[in-house]
Protein chains: 2
Amino acid sequence: MGDRPPPLEGLFVLDLGQIYQGPYAGFLLAMAGADVVRVEPPEGEPTRRRAKLAGASLPLAILNSTKRGITLDLKSAEGRGLLVELVKQADVLLENYAPTVTERLGIGPEVLLEANPRLVYASASGYGRSGPSRDDLAMDLTVQARAGFMAVTGWPDRPPVKAGPAVCDFLGGAHLYGGIMTALFERERTGQGRVVEVSMLEAAFPALASNLGLHHNSGGEVAGRTANRHGGMSVTPYNVYPARDGWVAIICTTEDHWRNLAVAMGRPELAEDARYATHSARSACMDEVDELVGAWSAGLDRDAVWAECLAHRVPAAPVRDLHEVLADDHLHARGFLVEVDHPELGRVTLPRSPVRYEGSALAELVPSPLLGQHTEEVLAERLGLDAGAVDALRRRGAL
Amino acid sequence: MGDRPPPLEGLFVLDLGQIYQGPYAGFLLAMAGADVVRVEPPEGEPTRRRAKLAGASLPLAILNSTKRGITLDLKSAEGRGLLVELVKQADVLLENYAPTVTERLGIGPEVLLEANPRLVYASASGYGRSGPSRDDLAMDLTVQARAGFMAVTGWPDRPPVKAGPAVCDFLGGAHLYGGIMTALFERERTGQGRVVEVSMLEAAFPALASNLGLHHNSGGEVAGRTANRHGGMSVTPYNVYPARDGWVAIICTTEDHWRNLAVAMGRPELAEDARYATHSARSACMDEVDELVGAWSAGLDRDAVWAECLAHRVPAAPVRDLHEVLADDHLHARGFLVEVDHPELGRVTLPRSPVRYEGSALAELVPSPLLGQHTEEVLAERLGLDAGAVDALRRRGAL
């Protein structure tokens, strides 16, 4: 992959993130080469505390690879003082507490930017740092409800349903990373830091582009749930089709795709049939076309349907379960998924960053830190504290 | 909001994006103040061509606000020559063609970085620029299938189903923006551009953190579909509950949330009841707890349930349809959603960026360009061509 250093080598980041949105931005920074130090309360952040209850140990490992970890009690004046001293050396502080929490603790953006005018203070939350809903509690589930994601997901004869993955949390975290990097780029030119902010609700909204388009085209009638079919019921085939041992997603966005699919299905005559010649024609008899495709796919194994589609240049993919996703040969061949021996979890499959910087080696995946694993190391290195001083701070409840 | 210039003022971006993933990264750059010039083929990019068929006119407007638009025929040598001349002045070129398309046209990263070593060449695709699946066709639908999103979305007694919004496309685009900004930051320090790459499949993967955690905790058994309930069936209440006129998402992540909800429901005795004292206890009788909550919510209007939950600090949100989302008072109060008079669409509601740079005014929302609207303007400004020269290029099929 080349021998250039990673793009963020030498950058120092304080990651006060919790759950997913904040820590994911910190993960992307760490994977791009920054020295990311996770700052947790002495009892650990909520994901760590929930590790046993809700299956959060692996998420903790996924999100914190290659970061170091320290504890600071931000409810103690001494703990906050240490944070401010670290901030004076930091390029970025990121947090996703509820808005106004850091201000009330006395470590809000105003205080920290005064301590270090070159700091990028990055804040992520459910609804942002302003507006009437600023203080409402938000989680991925409630943002999916309010953003309209549920209204357009699932079956028309069933209640609205969420997307299974925490898509709003991660859309928020990915945007936060972009915002941090934008402010850092600007700082190289102006010398000034600033506050960057992402609201999960807003980060979710643009993903509705297709659904909003159909809503608009229908004259403002509400776009409903169409399961795996096209939201506007105007592109066909566009569905998940049965196979002998599973399901395959097949989508024909161009007329060529349809003609190719007809050949793949061993039914070249369909490509010439005027009844199916255009998306409009096929959508007018969508049930019939879905049955034609389904009758073919149901006679084959899932991976055979997939292979036939790919061989004929028809966009398709198997519906995979998580076990299969973790074993995806492509993701392993690219070095995106890696087998790691984790001190708490044993051998697990962890991801690198979805962003790849050609010319540099792929980032090393160091297992996520134990709670407070690097407290001594970081306080010595950054603030010159010796072991005795750290012990004393711990006894006084600052760490 | 303050009077600092936007962070990317003065940056010049060539946006060869199509559909969603690439153009969304260009949109985030434009909203941060860059001069983003969209480069389309003479017949328009696929979204423009599909505008009538599949409801894509509004998506085109959402994704291309505040960009300028030119046409270049990259199949003509003269068109490619013009692109290379523009690249010499550009900071970023972004594209989301299938991998190897730009190489085969002779405008791949090697050629363009030789023409301008400071260029950030940003490539987004379904599966990335390497690996066994590199050349497979991919769309949001097929990536949702292959990434495992469908396997964990929807109802256990129904087939797997996609998330309604194009979450993989937009996760990809948001990551691409972060990657571009990272390479630009690095260039300020090294003077060197580079190739940045995002695969939609990889950008989707981390959002499965919770699902992968539950899969891991179950000893590798497949995490199934649990509709709106917690994926591990171990957090309760966690669901979408009926109201008189709709649905409300309610989630209790802490025991305090549950006690608060009991009070909100007018059932304070439940907060003291040992049968419901912990998540484990409540999850052991999940149907019963869901019925308790549902019996309360079903007697009220949706917004009353929501208001009671918020007043008692219980995370909750109404399940909103798209009409309501477009009218969300919070999103309008923050200036995220704006009413714009669009030359082709009339009055429409469009979003600004989910990333906010405090200290600068919110970006101006200029309606998306018509096909080739700024060809003369940009070629005059950047390459010094006069109207006659542009006419001649057009006649020769270069534009």
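Residues numbered from 1 in each chain as written. Chains lettered and ligands numbered in written order. Predicted model: local features only at pLDDT ≥ 70, side-chain atom pairs only at ≥ 80, totals over all residues.

## Thoughts on the pairing of strand β3 (residues 68–71) of chain A
All names here are of chain A.
Link 1 in the chain: The alternating pattern of β3 places R68 and I70 and G69 and T71 on opposite faces, both of which are buried.
Link 2 in the chain: Here strand β2 (residues 35–40) runs beside β3; their pairing, made up of 4 bridges, is parallel. Residue pairing in the sheet places V37 in a bridge with R68 of β3. (Buried ≥ 20, exposed ≤ 12 C-beta atoms within 10 Å, placed from the backbone. Helix = DSSP H or I, 4+ residues; strand = E, 2+ residues; numbered from the N terminus. Pairing = 2+ DSSP bridges.)

## Let's talk about the interface of chain A and chain B
Link 1 in the chain: If you look at the interface, chain A gives 127 residues, while chain B gives 127 residues.
Link 2 in the chain: For the side of chain A that touches chain B, the element with the highest residue contribution is helix α9 (residues 167–190) of chain A, accounting for 16 residues.
Link 3 in the chain: Residue composition of the side of chain A that touches chain B, grouped by class: 77 nonpolar, 32 polar and 18 charged.
Link 4 in the chain: As judged from the 3 bridges shared by strand β6 (residues 194–199) of chain A and strand β12 (residues 355–357) of chain B, these two strands associate in the antiparallel manner. From the neighbouring strand, A:V198 faces β12(B), where its bridge partner is B:V355. (Contact = placed C-beta atoms within 7 Å. Nonpolar A, V, L, I, M, F, W, Y, C, P; charged D, E, K, R; others polar.)

## Regarding the relation of the copies chain A and chain B
Link 1 in the chain: Between chain A and chain B, which share one sequence, the superposing operator has a rotation angle of 180° and an axial displacement of 0.0 Å; the RMSD is 0.0 Å. On the angle and the small slide along the axis, the relation comes out as a two-fold axis. Looking at the rotation axis and the C-alpha trace of chain A, the residue lying nearest is A:G178, at 1.8 Å.
Link 2 in the chain: When the interface residues of chain A are mapped onto chain B, 100% of them are again interface residues, pointing to one common binding face. (Least-squares fit on C-alpha atoms with pLDDT ≥ 70 in both.)

## As for the domain arrangement of chain A
Interface size is often expressed as the accessible area that is lost when the parts come together.
Link 1 in the chain: Along its sequence, chain A is organised into domain 1 (12–205 + 327–395) and domain 2 (238–319).
Link 2 in the chain: Centre-to-centre separation of domain 1 of chain A and domain 2 of chain A, based on C-alpha positions: 43 Å. (Domains from an automatic or database assignment.)

## Details of the sheet that holds strand β1 (residues 12–15) of chain B
Link 1 in the chain: Spatially, 7 strands are ordered β12(A)-β6(B)-β5(B)-β4(B)-β1(B)-β2(B)-β3(B) in an open sheet, and the strand pairing comes out mixed. Sheet topology places β12 (355–357) of chain A together with β3 (68–71) of chain B at the edges, where each strand pairs with a single neighbour. Put simply, the sheet's adjacent strands are angled 20° from each other on average, direction ignored.
Link 2 in the chain: By the bridge criterion, 4 bridges tie β1(B) to strand β2 (residues 35–40) of chain B in an arrangement that is parallel. When the bridges of β2(B) are listed, B:D15 appears paired with B:R38.
Link 3 in the chain: Helix α1 (residues 21–31) of chain B rests against β1, β2, β4 (92–95) and β5 (120–125) of chain B of the sheet, and its axis sits at about 160° to β1(B). (Axes fitted to C-alpha atoms, helices over the stretch in contact; angles between N-to-C directions.)

## Topic: helix α12 (residues 255–264) of chain B
Residue and element names in this part refer to chain B.
Link 1 in the chain: Buried within α12 are the following residues: H257, W258, L261, A262 and A264. Around the axis of α12, the buried residues are gathered within 160° of arc, so they sit on the same side.
Link 2 in the chain: Of the surrounding secondary structure, the elements contacted by the buried residues of α12 are α13 (268–272) and α16 (302–311).
Link 3 in the chain: Immediately beyond the C-terminal end of α12, within one or two residues, lies G266, with a positive phi of roughly 70°. (Arc of directions from axis to C-beta.)

## A closer look at unusual backbone geometry
Link 1 in the chain: Following A:T236, the chain continues to A:P237 via a peptide bond in cis, the omega torsion being -5°.
Link 2 in the chain: Structurally, A:P237 is set in the loop between α11 (209–217) and β7 (238–243).
Link 3 in the chain: The phi angle at B:T100 is positive, at roughly 80°, despite the residue not being glycine.
Link 4 in the chain: Take B:T100: there are 13 C-beta atoms within 10 Å of it, and that puts it in the partly exposed class.
Link 5 in the chain: Look at B:R313: it is not a glycine, yet its phi comes out positive at around 55°.
Link 6 in the chain: By the element assignment, B:R313 lies in the loop between α16 and β9 (316–318).

## What about the nonpolar core?
As a rule of thumb, nonpolar side chains are buried together in soluble globular proteins.
Link 1 in the chain: Counting residues in each nonpolar core, the largest one holds 249 residues, and the members touching the most others are A:I180 and B:I180.
Link 2 in the chain: Apart from residues lying up to four places away in sequence, A:I180 is in contact with A:A25, A:L29, A:V92, A:L94, A:V120, A:A122 and A:V196. (Core = buried A, V, L, I, M, F, W, Y, C linked by C-beta atoms within 7 Å.)

## Some thoughts on α16(B)
Residues and elements named next belong to chain B.
Link 1 in the chain: Inspection of α16 places V305, W306, E308 and C309 among the buried residues, and these make up the whole buried set. One side of α16 carries all its buried residues, which in axial view fall inside an arc of 165°.
Link 2 in the chain: Against the buried residues of α16 lie β7 (238–243), β8 (246–251), α12, α15 (286–297) and β9.
Link 3 in the chain: Count one or two residues on from α16 and you reach R313, which has phi positive near 55°.

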